[in-house]
Amino acid sequence: MPVFGVFAVTKAMLPLLKNSTAGRIVNLSSGLGSLTQNSDPNYEFADFKLLAYNSSKTAVNALTVLLAAELKDTSIKINAADPGFTATDINQYQGYRTVEQGAIPTGGYAYAAVRLATVPDDGSSGGFFDEDGVVPC
């Protein structure tokens with residue numbers, strides 16, 4: 001499950017991030033990890049109930065919130081980003097975004113991860129965002 005890798009890498013990098021004046025952690029998540037959206041029958045992807053994937057992304061969102069609380073007295077900001085429905089192996093390349101559009105700000109997308117990696121010192125920590133703003137957890 002992705003959450004274990006996220007936790008292991010974050011734990012390994014924390015000593016370096018704590019020495020930084022502006023450490024940033026951006027966890028890649030998915031709207032499928034939003035309990036609010038998964039509970040909404042009108043959600044665009046309401047029919048995608050992928051038990052392992054969705055629950056692991058929910059766990060990534062929870063880890064983001066809990067680590068933000070733990071790091072609140074440091075300069076480190078931690079947030080989660082949803083790159084959108086990107087064409088990858090997991091969806092048999094059916095996503096409407098290319099990998100490039102999901103990874104970098106091209107084609108008019110204001111990619112959430114880029115914004116979160118450069119969030120100012122007084123910016124958000126512990127949030128979940130997509131290109132349009134806050135995603136409900």
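Because the structure is a prediction, the values reported are computed rather than measured.

Student: Help me out: how do you make sense of the packing of aromatic side chains in this one?
Tutor: Scanning the entire structure with this criterion turns up 5 aromatic pairs. Between Phe-45 and Phe-48, the ring centres sit 5.7 Å apart and the planes meet at 65°, which makes this aromatic pair edge-to-face. Under the relative-accessibility criterion, Phe-45 is labelled buried at 14%. Assessed through its relative accessible area of 36%, Phe-48 is described here as partly exposed.

Student: Even after reading the chapter, I still don't get the packing of helix H1 (residues 2–19) against helix H3 (residues 51–70), so can you show me in this structure?
Tutor: Between two packed helices, what matters for the description is the angle formed by their axes and the separation of those axes. Packing of H1 against H3 leaves a shortest axis separation of 8 Å and a crossing angle of 30°. Classified by the angle between their axes, H1 and H3 sit roughly parallel to one another. In contact with Pro-2, Val-3, Val-6, Phe-7 and Thr-10 of H1, H3 contributes Ser-56, Ala-59, Val-60, Leu-63 and Leu-67. Tallied by class, residues from the contact of H1 with H3 come to 8 nonpolar, 2 polar and no charged.

Student: I keep staring at the pattern of salt bridges and nothing clicks. Help me out?
Tutor: If charged atoms from side chains of opposite charge come close, those side chains can pair. Counted under the stated rule, the structure contains 2 salt bridges. Residues Arg-24 and Asp-121 are paired through a salt bridge, measuring 3.1 Å at the closest nitrogen-oxygen approach. Taken together, the residues span a long stretch of sequence, with Arg-24 in strand S1 (residues 24–28) and Asp-121 in the loop between helix H5 (112–117) and strand S3 (128–130) at a distance of 97 residues. On the accessibility criterion, Arg-24 (15% relative accessible area) is buried. Salt-bridge contacts for Asp-73 lead to Lys-72; the nearest nitrogen and oxygen are separated by 3.5 Å. Each of the two residues, Asp-73 as well as Lys-72, counts as exposed.

Student: Which parts of the structure should I look at to understand the sheet that holds S1?
Tutor: Strand pairing in a sheet relies on backbone hydrogen bonds, with the paired strands running either antiparallel or parallel. Taken in spatial order, the 4 strands of this open sheet run S1-S2-S3-S4, and their pairing is mixed. Strand pairing shows two members of the sheet lacking a second neighbour, S1 and strand S4 (133–134), which therefore form its edges. Here S3 runs beside S4; their pairing, made up of 2 bridges, is antiparallel. Across the sheet, the residue bridging to Asp-130 is Gly-133, located in S4. Contacting S1, strand S2 (77–81) and S3, H3 runs over the sheet at an angle of about 160° to S2.

Cut-off values and rules
Residues numbered from 1 in each chain as written. Predicted model: local features only at pLDDT ≥ 70, side-chain atom pairs only at ≥ 80, totals over all residues. Heavy atoms only, no water. Phe/Tyr/Trp six-rings, centres within 6.5 Å; stacked < 30°, edge-to-face > 60°. Buried < 20%, exposed > 50% of the residue type's maximum accessible area, 1.4 Å probe, protein only. Axes fitted to C-alpha atoms, helices over the stretch in contact; angles between N-to-C directions. Helix = DSSP H or I, 4+ residues; strand = E, 2+ residues; numbered from the N terminus. Parallel < 35°, antiparallel > 145°, perpendicular 65-115°, else oblique. Contact = heavy atoms within 4.5 Å. Nonpolar A, V, L, I, M, F, W, Y, C, P; charged D, E, K, R; others polar. Salt bridge = Lys/Arg side-chain N within 4 Å of Asp/Glu carboxyl O. Pairing = 2+ DSSP bridges.

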